[in-house]
Amino acid sequence: MRHPPRTILGTVGAIALMAACSPETETPTEPTAPPAATDPTVGDTTAVSLTGEGWGPLRIGMTRAEVVEALGEDANPDAVGGPDPESCDQFRPERAPEGMLLMVENGVLTRISISEPSDLMTDKGLRVGDTAERVKGAYGDQARVTPHKYQDAPAEYVTVWSRGGGEDYVQDTQARGIVYEISRDGTVMAIHAGGPSIQYVEGCA
């Protein structure tokens, strides 16, 4: 017996029906990586401000162990950071920005210093190399100016206490402030931030 010939229309309809029943094939997409965590010890560290309370992961009053956990061990362990390192030591951690030096007294972070070369700024936008006039203008009546111990005028110290402080020598361990050390050319040569140790003029003394 002869079967009736298939029509082109019937074939096309069958193909269309099969296509409609087939699940859509989606193009696989690449997984999206989570955003990188912000780490103030890498990248543009100039965006992190130095204050009397600390800088980035550093906080005045944290232990040396916490400092090491945040920024690494001493980058130059053979250097002498003070006459009695057990009571007072200065060092630069391995992952600290260039020009940063930390002071640890009796196992506690008490001061953060920056000097050349450094682009780090304070919360007033001031940095090493700025003029004394710019520093004084930024703080107004808050700034206390005293003569430099080792250099002739216009070398001086510009001290600003953000917590505690006073006109006389400050011993309150809870006080916080910043000292801008001005060189004889009238520009900032170092900045010290932290507690009463910002008043030291000879390293750990």
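Just so it is clear, the model here is predicted, and its values are computed rather than measured.

Novice: Let's hear about helix α3 (residues 132–139): which residues, and what values?
Specialist: Here α3 has its buried residues at Ala 132, Val 135 and Tyr 139. Viewed end-on, α3 has its buried residues packed into an arc of 65°, placing them on one side of the element. Turned more than 90 degrees off the buried face of α3, the exposed positions are Glu 133 and Gly 137. As for α3, its buried residues are in contact with β7 (121–122), β9 (156–163), β10 (176–182) and β11 (188–194). Directly beyond the C-terminal end of α3, a positive phi value near 60° is found at Gly 140.

Novice: Would you mind going over the nonpolar core in detail, with residue names and values included?
Specialist: Trp 55, Leu 58, Met 100, Leu 109, Ile 112, Tyr 180 and Ile 191 are the most contacted members of the largest nonpolar core, which totals 30 residues. Among the elements of the structure, α2 (64–71), β5 (100–105), β6 (108–115), α3, β9, β10 and β11 are those that each provide at least two residues to this core. Look past the residues within four positions of Ile 191 in its chain and what remains in contact with it is Leu 50, Ile 112, Ser 113, Ile 114, Thr 122, Leu 126, Arg 127, Val 128, Ile 178, Val 179 and Tyr 180. Within the second largest apolar cluster, six residues are counted, among which are Tyr 157, Val 170, Ala 175 and Ile 198.

Novice: Let's hear about the side chain of Gln 90: which residues, and what values?
Specialist: Inspection of the secondary structure puts Gln 90 in strand β4 (residues 88–91). A polar side-chain atom of Gln 90 sits 3.4 Å from a polar atom in the side chain of Arg 111. Residues in contact with Gln 90, not counting those within four places in the same chain, are Gly 81, Leu 101, Leu 102, Met 103, Arg 111, Gly 203 and Cys 204.

Novice: Break down the sheet that holds strand β1 (residues 49–51) for me, citing the residues and quoting the values.
Specialist: Sheet strands associate in pairs through backbone hydrogen bonding, adopting either a parallel or an antiparallel arrangement. Taken together, the four strands give an open sheet; going across it, the order is β3-β2-β1-β7, and neighbouring strands pair in mixed fashion. Edge positions in the open sheet fall to β3 (58–59) and β7, since each of these has one partner strand only. Two strands pair when backbone bridges link them, and β1 and β7 are joined in this way by two bridges, in the parallel orientation. Among the inter-strand pairings, Ser 49 is bridged to a residue of β7, identified as Met 121.

Novice: An account of the side chain of Arg 111 is requested, with residue identities and associated values reported.
Specialist: When you line up the elements, Arg 111 lands in strand β6. One buried charged residue, Arg 111, remains without a salt bridge, the closest side chain of opposite sign being Glu 181 at 7.1 Å. At a separation of 3.4 Å, a polar atom in the side chain of Arg 111 contacts the main-chain carbonyl oxygen of Tyr 200. In this view, Arg 111 contacts Ile 60, Gln 90, Leu 101, Leu 102, Met 103, His 192, Ala 193, Ser 197, Ile 198, Tyr 200 and Gly 203; residues no more than four positions away in its chain are not counted.

Novice: Before we move on, can you summarise the sheet that holds β11 with the specific residues and values?
Specialist: Ordered by their spatial adjacency, seven strands build an open sheet running β4-β5-β6-β11-β10-β9-β8, and the pairing between neighbours is antiparallel. On the outer flanks of this sheet lie β4 and β8 (144–147), each paired with one strand and no other. Taking each pair of neighbouring strands and ignoring which way they run, the sheet shows an average axis angle of 20°. With six bridges joining them, β5 and β6 adopt antiparallel strand pairing. Following the sheet pairing, Met 103 is matched in β6 by Arg 111.

What counts, and where the lines are drawn
Residues numbered from 1 in each chain as written. Predicted model: local features only at pLDDT ≥ 70, side-chain atom pairs only at ≥ 80, totals over all residues. Heavy atoms only, no water. Buried < 20%, exposed > 50% of the residue type's maximum accessible area, 1.4 Å probe, protein only. Helix = DSSP H or I, 4+ residues; strand = E, 2+ residues; numbered from the N terminus. Arc of directions from axis to C-beta. Contact = heavy atoms within 4.5 Å. Core = buried A, V, L, I, M, F, W, Y, C linked by side-chain atoms within 4.5 Å. Polar contact = N/O pair within 3.5 Å; in protein donor to acceptor, adjacent residues only side chain to side chain. Pairing = 2+ DSSP bridges. Lys, Arg positive; Asp, Glu negative; His and termini not counted. Salt bridge = Lys/Arg side-chain N within 4 Å of Asp/Glu carboxyl O. Axes fitted to C-alpha atoms, helices over the stretch in contact; angles between N-to-C directions.

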